[in-house]
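Remarks on the overall topology
Here's the letter readout for the chains.
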Amino acid sequence: MMSKVKNILGWLWASPVTFFGIMYASLMMIFRYYRWVGKFDNSLVWYCEYDRLPMIFKKMWKKWSGHAIGNVIVMRSYPEENPTLLAHEQQHVRQVMRMGVFQPIFYMLIMIAIKWGTTNLEPYYDNPFELDARSESFKKRSELIN
Ligand SMILES: [Zn+2]
């Protein structure tokens, strides 16, 4: 019961970010660049049709295998093909359900802080939100192996 309430509150708290995610994914879907896959726990998942993308988006997606915006996830592979990536992105969804609009704000601020203030860290790779998501995908991987 309590976790259900907490879950609903998480969706509400994340909703301003999710709203942007849905707008963006829907727009990309109109151009048939993205395809709706389904709901996985608290994630609304779209598939990116990489070959259909115009050059500018192809360049963007070259560096990504997926990303999350609020409760929205876009992946270059299907969740069944890449459950570790799904687990990674789902952890970003959890982060936004905990932090709401502060998640993307802190994510960016930390990236800036790493770029500005450190010489040994990498803004994306060493970002704690990425470390957190990566550890979730490692957990999933060892779950699949064992
Ligand atoms: Zn990530």
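For the structure itself, consult the block above.
Note that the structure is predicted; figures quoted are calculated from it, not measured.

**Topic: the coordination of the zinc ion**
Put simply, a metal with four donors set out as a tetrahedron has ideal angles of 109.5 degrees, and one with six donors set out as an octahedron has ideal angles of 90 or 180 degrees. Around the zinc ion, the protein contributes the donor atoms H88 (NE2), H92 (NE2), E130 (OE) and E130 (OE), which lie 2.0 to 2.7 Å from the metal centre. Because the angles between the 4 donor atoms bound to the zinc ion fall within 52 to 148°, the donor set is best described as irregular. Sequence spacing of the donor residues for the zinc ion, all on one chain, is H-x3-H-x37-E. Highlighted residues: H92 in helix α3 (residues 83-99) and E130 in helix α5 (residues 128-145), separated in sequence by 38 residues.

**Quick look at α3**
In this model α3 runs 24 Å from its N-terminal to its C-terminal C-alpha over 17 residues, within 8% of the 24 Å that 1.5 Å per residue would give. Of all 17 residues making up α3, 13 are buried, and the element is well covered by its neighbours. In the segment just after α3, G100 is the residue with positive phi, at about 60°.

**Some details on the packing of α3 against α5**
Where α3 meets α5, the axes come as close as 8 Å, and the angle between the chain directions of the two elements is 140°. In terms of orientation, α3 and α5 fall into the oblique class. Note on packing geometry: the crossing formed by α3 with α5 is right-handed. Residue-level inspection shows P83, T84, A87, H88, Q91, H92, R94, Q95 and M99 of α3 in contact with α5, the latter providing F129, E130, D132, A133, R134, E136, S137, K140, R141 and L144. Taken together, the residues of the contact of α3 with α5 sort by class into 6 nonpolar, 6 polar and 7 charged.

**Quick word on the sheet that holds strand β2 (residues 43-48)**
Taking strand neighbours across the sheet as the criterion, the 4 strands line up as β1-β2-β4-β3 in an open arrangement whose pairing is mixed. Edge positions in the open sheet fall to β1 (34-40) and β3 (66-69), since each of these has one partner strand only. Geometrically, the sheet is characterised by an average inter-axis angle of 20° between neighbouring strands, direction not taken into account. Pairing between β2 and strand β4 (residues 72-75): 4 bridges, direction parallel. If you follow V45 over to β4, its bridge partner there is I73.

**Re helix α1 (residues 2-30)**
The largest bend in α1 comes to about 65°, at S15, with the proline P16 one to four residues further on. What α1 keeps buried is the set G10, A14, V17, T18, G21, A25 and M28. At the C-terminal side of α1, R32 shows a positive phi close to 60°.

**Concerning the pairing of β4**
Neither face of β4 is exposed, since V72 and V74 on one face and I73 and M75 on the opposite face are all buried. One ladder, built from 4 bridges, connects β3 with β4; its direction is antiparallel. Along β4, the bridge assignment pairs I69 with V72. The hairpin turn running from β3 into β4, its antiparallel successor, is 2 residues long, and G70 in that turn takes a positive phi close to 65°.

Each value, and the rule that gives it
- Residues numbered from 1 in each chain as written.
- Predicted model: local features only at pLDDT ≥ 70, side-chain atom pairs only at ≥ 80, totals over all residues.
- Heavy atoms only, no water.
- Donors = N, O, S within 2.8 Å, 3.2 Å for Na, K, Ca; no water.
- Tetrahedral: all angles 85-135°; square planar, octahedral: opposite > 155°, others 65-115°.
- Helix = DSSP H or I, 4+ residues; strand = E, 2+ residues; numbered from the N terminus.
- Expected span 1.5 Å × (residues − 1).
- Buried < 20%, exposed > 50% of the residue type's maximum accessible area, 1.4 Å probe, protein only.
- Axes fitted to C-alpha atoms, helices over the stretch in contact; angles between N-to-C directions.
- Parallel < 35°, antiparallel > 145°, perpendicular 65-115°, else oblique.
- Left-handed = near helix turned anticlockwise from the far one by under 90°.
- Contact = heavy atoms within 4.5 Å.
- Nonpolar A, V, L, I, M, F, W, Y, C, P; charged D, E, K, R; others polar.
- Pairing = 2+ DSSP bridges.
- Bend = angle between axes of the 7 residues up to and from the residue.

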